[in-house]
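# A structural walkthrough
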Amino acid sequence: MTNSLPPADLSRPAKSATRRFMLPLLLIYPLLAVAGALTHREIFPLAALLLLLTVVMLPRLAARRIGPWLVWLGLLFTLFLVSLYGFAGLLLEGVPILINALLAYWFGRTLGTPEPLVARFVMAIEGSARLAQPGVADYARQLTWFWTLLLGAQAVLLALLLLCAEHVGLLARFGIVSPLPISERWAAAWLHVGGYMLLGVAFLLEYGYRRWRLRHLTHPGLHDMLLQLALKWPQLSRGYRAASS
């Protein structure tokens, strides 16, 4: 009698390889978005949308099932049709709004549970004993609130910029006078650069503040923390047990 591994075991190397590719691919996305904003060429926002769509569906595509591949091809065809009418750039400008809103929801929905999202991060990176140390659990919940509010506010701000930007905003495109006219240059700069910079700066400032506030504890280095987050990210939304498995 021969022994065989269960399908889940056979798929683990493929899933691990897929996770390693996702972060580098995501880093290319803002570069394409900025290139589209600077050159006003439709090819860049279209490429950014194709890349983002592929990254989102990559785990399902890697499973080699026909259903996800048909969905992916259908979405690519839809994007092609949208690009023919010149709306790829508009869709791309809406992506940061959607991402910030979804992330705010992801953080916020865990606030009503005993395990807020930042607490899951702590347990995934440093273990459950870390959360029991003085001040850690309270700070994890406060930090979950912080990211919920910041990401929610960012989504609202980006939506206002997309609506009210002079000449290129949605209101202007439909011939409606904006009640809050915003410079096209400033709107584009924040939509394509400023929003990402804000989140990066907030992350770094919070990391420094955390080390000061919880200075009675040792902390992992920034590189190690980011590496562990990247490795555990796909499982974190399912809670600590999934993340630690």
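Here the structure is a predicted model, which is why all the values come from computation and not from measurement.

The next subject is the overall build of the protein. In terms of helices and strands, the protein carries eleven helices and zero strands. Counting helices and strands in the order they occur from the N terminus, the protein gives α-α-α-α-α-α-α-α-α-α-α. Expressed as a percentage of the 245 residues in the protein, the buried residues total 36%. Long-range contacts, defined as pairs at least 24 residues apart, comprise 62% of the intrachain contacts of the protein with a sequence gap of at least 6. Summing over all exposed atoms, the protein offers an accessible surface of approximately 15,000 Å²; the carbon and sulfur share of this is 70%.

Here the focus is the pattern of salt bridges. Considering all chains together, one arrives at three salt bridges under this definition. Across the salt bridge formed by Arg120 and Glu115, the nearest N and O atoms sit 3.0 Å from each other. Residue Glu126 is joined to Arg130 by a salt bridge in which the shortest nitrogen-to-oxygen separation is 2.8 Å. Judged by relative accessible area, Glu126 falls into the partly exposed class, the value being 34%.

Interhelical geometry of helix α7 (residues 136-164) versus helix α9 (residues 184-213) gives an angle of 170 degrees and a closest axis separation of 11 Å. Between α7 and α9, the angle is such that the two are roughly antiparallel. Of α9, the residues touching α7 (which contributes Tyr139, Gln142, Leu143, Phe146, Trp147, Leu150, Leu151, Gln154, Leu157, Leu158 and Leu161) are Ala187, Trp190, Leu191, Gly195, Leu198, Leu199, Ala202, Phe203, Glu206, Tyr209, Arg210 and Arg213. Here the residues of the contact of α7 with α9 are counted per class, giving 17 nonpolar, three polar and three charged.

On to the packing of aromatic side chains, then. Per the counting criterion, the structure on display carries seven aromatic pairs. Taken together, a centroid distance of 5.4 Å and an interplanar angle of 80 degrees make the contact between Trp69 and Trp72 edge-to-face. Of this pair, Trp69 and Trp72 both sit in helix α3 (residues 66-84), three residues apart, which is roughly one turn of that helix. What makes Trp72 buried here is its relative accessible area of 16%. When the centroid spacing of 5.9 Å and the interplanar angle of 35 degrees are considered together, the rings of Tyr209 and Trp212 count as tilted.

On the secondary structure map, Asp224 appears in helix α10 (residues 222-236). Separated by 99 residues in sequence, Asp224 and Ile125 have C-alpha atoms that sit 9.0 Å apart.

What follows covers the nonpolar core. One finds Phe107, Val118, Leu131, Val136 and Trp147 to be the most contacted residues of the largest nonpolar core, which totals 21 residues. Only α4 (88-108), α5 (117-126) and α7 provide two or more residues apiece to this core. At seven residues, the largest contribution of residues to this core is made by α7. Not counting residues up to four positions away in its chain, the partners in contact with Val118 are Phe107, Ala140, Leu143 and Thr144.

A cluster of nonpolar side chains, Ile66, Trp69, Leu70 and Leu73, forms an exposed patch at the surface whose accessible area comes to about 430 Å². Within the fold, Ile66 resides in helix α3.

For the rest of this paragraph, the subject is the side chain of Gln154. Within the secondary structure, Gln154 sits in helix α7. For Gln154, a relative accessible area of 3% puts it in the buried group. Those residues in contact with Gln154 that sit more than four places away from it in its chain are Asn100, Trp190, Gly195, Leu198 and Leu199.

Quick look at the confidence of the model for the protein now. Predicted confidence across the protein gives a mean pLDDT of 78, with 79% of residues reaching 70 or more. By mean pLDDT, helix α11 (residues 240-244) is the weakest element of the protein at 48, and α7 is the strongest at 93. Below a pLDDT of 50 lies the segment residues 240-245, which in the model reaches twelve contacts outside its immediate sequence neighbourhood of four places, other chains included.

Definitions and limits used
Residues numbered from 1 in each chain as written. Predicted model: local features only at pLDDT ≥ 70, side-chain atom pairs only at ≥ 80, totals over all residues. Heavy atoms only, no water. Helix = DSSP H or I, 4+ residues; strand = E, 2+ residues; numbered from the N terminus. Buried < 20%, exposed > 50% of the residue type's maximum accessible area, 1.4 Å probe, protein only. Contact = heavy atoms within 4.5 Å. Areas by Shrake-Rupley, 256 points an atom, 1.4 Å probe, with all protein chains shown as cover. Salt bridge = Lys/Arg side-chain N within 4 Å of Asp/Glu carboxyl O. Axes fitted to C-alpha atoms, helices over the stretch in contact; angles between N-to-C directions. Parallel < 35°, antiparallel > 145°, perpendicular 65-115°, else oblique. Nonpolar A, V, L, I, M, F, W, Y, C, P; charged D, E, K, R; others polar. Phe/Tyr/Trp six-rings, centres within 6.5 Å; stacked < 30°, edge-to-face > 60°. Core = buried A, V, L, I, M, F, W, Y, C linked by side-chain atoms within 4.5 Å. Patch = residues over 30% accessible without salt bridge, like charges linked within 9 Å, V, L, I, M, F, W, Y side chains within 5 Å. pLDDT = per-residue confidence, 0-100.

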